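Chain by chain, the residues:
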Amino acid sequence: MGSDSEAEKSALKEKERKKMLALAPIAKPLAGKKLCKPTLKLVRKAAEHKCLKRGVKEVVKSIRRGHKGVCVIAGNISPIDVITHVPILCEEADIPYVYVPSKEDLASAGATKRPTCCVLVMTKPAKGELEKGEQEKLKSDYDQVASEINEITASLF
């Protein structure tokens, strides 16, 4: 039995190593393991409450329309030219953004099967309203992740 767990651990480490090798050189600020988990959890909650914009086209459209939120970008996109303009738009609109290592993880957190380049997590749904308790919980998670992203960004620049 012990050998199975050792084999699983080595396979998991190999998978993590491959994810890191596939990262684009512009993927900064990159969320570490401690930030990646709450960020993907926030994306999952936002997807449940319909407070999420998926894909480059939707995210860019939302940013240009003045919607605020946290932008989460996958770091292993190929070709990288597809998303190089998104961080610039985010900086101009004062929207915090962070890269996560895998587009597959981002898609599964965003409740889609298709790998996703980037998502914009908003505090309010596009249509309708959330219940007061759910709104406050989503807002507190959002604020926590946004503050951690701002700390990472401040240490970079």
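Conventions used here
Residues numbered from 1 in each chain as written. Predicted model: local features only at pLDDT ≥ 70, side-chain atom pairs only at ≥ 80, totals over all residues. Heavy atoms only, no water. Helix = DSSP H or I, 4+ residues; strand = E, 2+ residues; numbered from the N terminus. Expected span 1.5 Å × (residues − 1). Buried < 20%, exposed > 50% of the residue type's maximum accessible area, 1.4 Å probe, protein only. Arc of directions from axis to C-beta. Contact = heavy atoms within 4.5 Å. Polar contact = N/O pair within 3.5 Å; in protein donor to acceptor, adjacent residues only side chain to side chain. Salt bridge = Lys/Arg side-chain N within 4 Å of Asp/Glu carboxyl O. UniProt positions renumbered as here; feature names shortened; annotations may be inferred. Core = buried A, V, L, I, M, F, W, Y, C linked by side-chain atoms within 4.5 Å.

1. Some remarks on helix H2 (residues 33-48)
Working step 1: Under the 1.5 Å per step criterion, the end-to-end length of H2 is 23 Å for 16 residues, consistent within 8% with the ideal 22 Å.
Working step 2: By the burial criterion, the buried members of H2 are Leu35, Cys36, Thr39, Leu40, Leu42, Val43, Ala46 and Ala47. The buried side chains of H2 occupy one side of the element, clustering within an arc of 155 degrees when seen end-on. Facing away from the buried surface of H2 by more than 90 degrees, the exposed residues are Lys33, Lys34, Lys37 and Glu48.
Working step 3: Close packing links the buried residues of H2 with strand E1 (52-54), strand E2 (70-74), strand E3 (97-100), helix H5 (103-109), strand E4 (118-121) and helix H6 (132-156).
Working step 4: Downstream of H2 by a residue or two, lysine 50 has a phi angle that is positive, lying close to 60 degrees.

2. Some words on the side chain of asparagine 76
Working step 1: Take asparagine 76: it is sitting in the loop between E2 and helix H4 (86-92).
Working step 2: Using a relative accessible area of 13% as the deciding quantity, one classes asparagine 76 as buried.
Working step 3: Within the structure, asparagine 76 has its side chain in polar contact with the backbone nitrogen of lysine 103 (distance 2.9 Å).
Working step 4: Other than its neighbours up to four places away in sequence, asparagine 76 contacts Ala22, Leu23, Pro101, Ser102, Lys103 and Glu104.

3. Quick word on the pattern of salt bridges
Oppositely charged side chains can pair when the atoms bearing their charge come close.
Working step 1: On inspection of all chains with the given rule, the structure shows two salt bridges.
Working step 2: A salt bridge links lysine 45 to aspartate 141, with the nearest nitrogen and oxygen atoms 2.4 Å apart. On the criterion of sequence distance, the pair formed by lysine 45 in helix H2 and aspartate 141 in helix H6 is long-range, its members being 96 residues apart.
Working step 3: Aspartate 143 serves as the salt-bridge partner of lysine 139, at 3.6 Å between the closest nitrogen and oxygen. Here the residue lysine 139 and the residue aspartate 143 both occupy positions in helix H6, the gap between them amounting to four residues, near one helical turn.
Working step 4: Using a relative accessible area of 37% as the deciding quantity, one classes aspartate 143 as partly exposed.

4. Examining the UniProt feature "domain: Ribosomal protein eL8/eL30/eS12/Gadd45" (unreviewed entry) in the protein chain
Working step 1: Per the UniProt record, the feature "domain: Ribosomal protein eL8/eL30/eS12/Gadd45" (unreviewed entry) sits at residues 41-124.
Working step 2: End C-alpha to end C-alpha, residues 41-124 measures 17 Å, and it is 37% helix and 19% strand.

5. Observations regarding the environment of serine 78
Working step 1: With respect to the helices and strands, the residue serine 78 is situated in the loop between E2 and H4.
Working step 2: Given the relative accessible area of 66%, serine 78 is considered exposed.
Working step 3: Along the sequence, serine 78 and lysine 37 sit 41 residues apart, while their C-alpha atoms lie 23 Å from each other.

6. A short note on the nonpolar core
Working step 1: In this structure, Val43, Ile63, Cys71, Ile73, Val86 and Leu106 are the most contacted members of the largest nonpolar core, which totals 44 residues.
Working step 2: The set of elements that each furnish at least two residues to this core consists of H2, helix H3 (56-64), E2, H4, E3, H5, E4 and H6.
Working step 3: Element by element, the count of residues in this core is highest for H2, at seven residues.
Working step 4: Residues within four places of isoleucine 73 in sequence aside, it is in contact with Ile83, Val86, Pro87, Tyr97, Val98, Tyr99, Val100, Leu106, Cys117 and Cys118.

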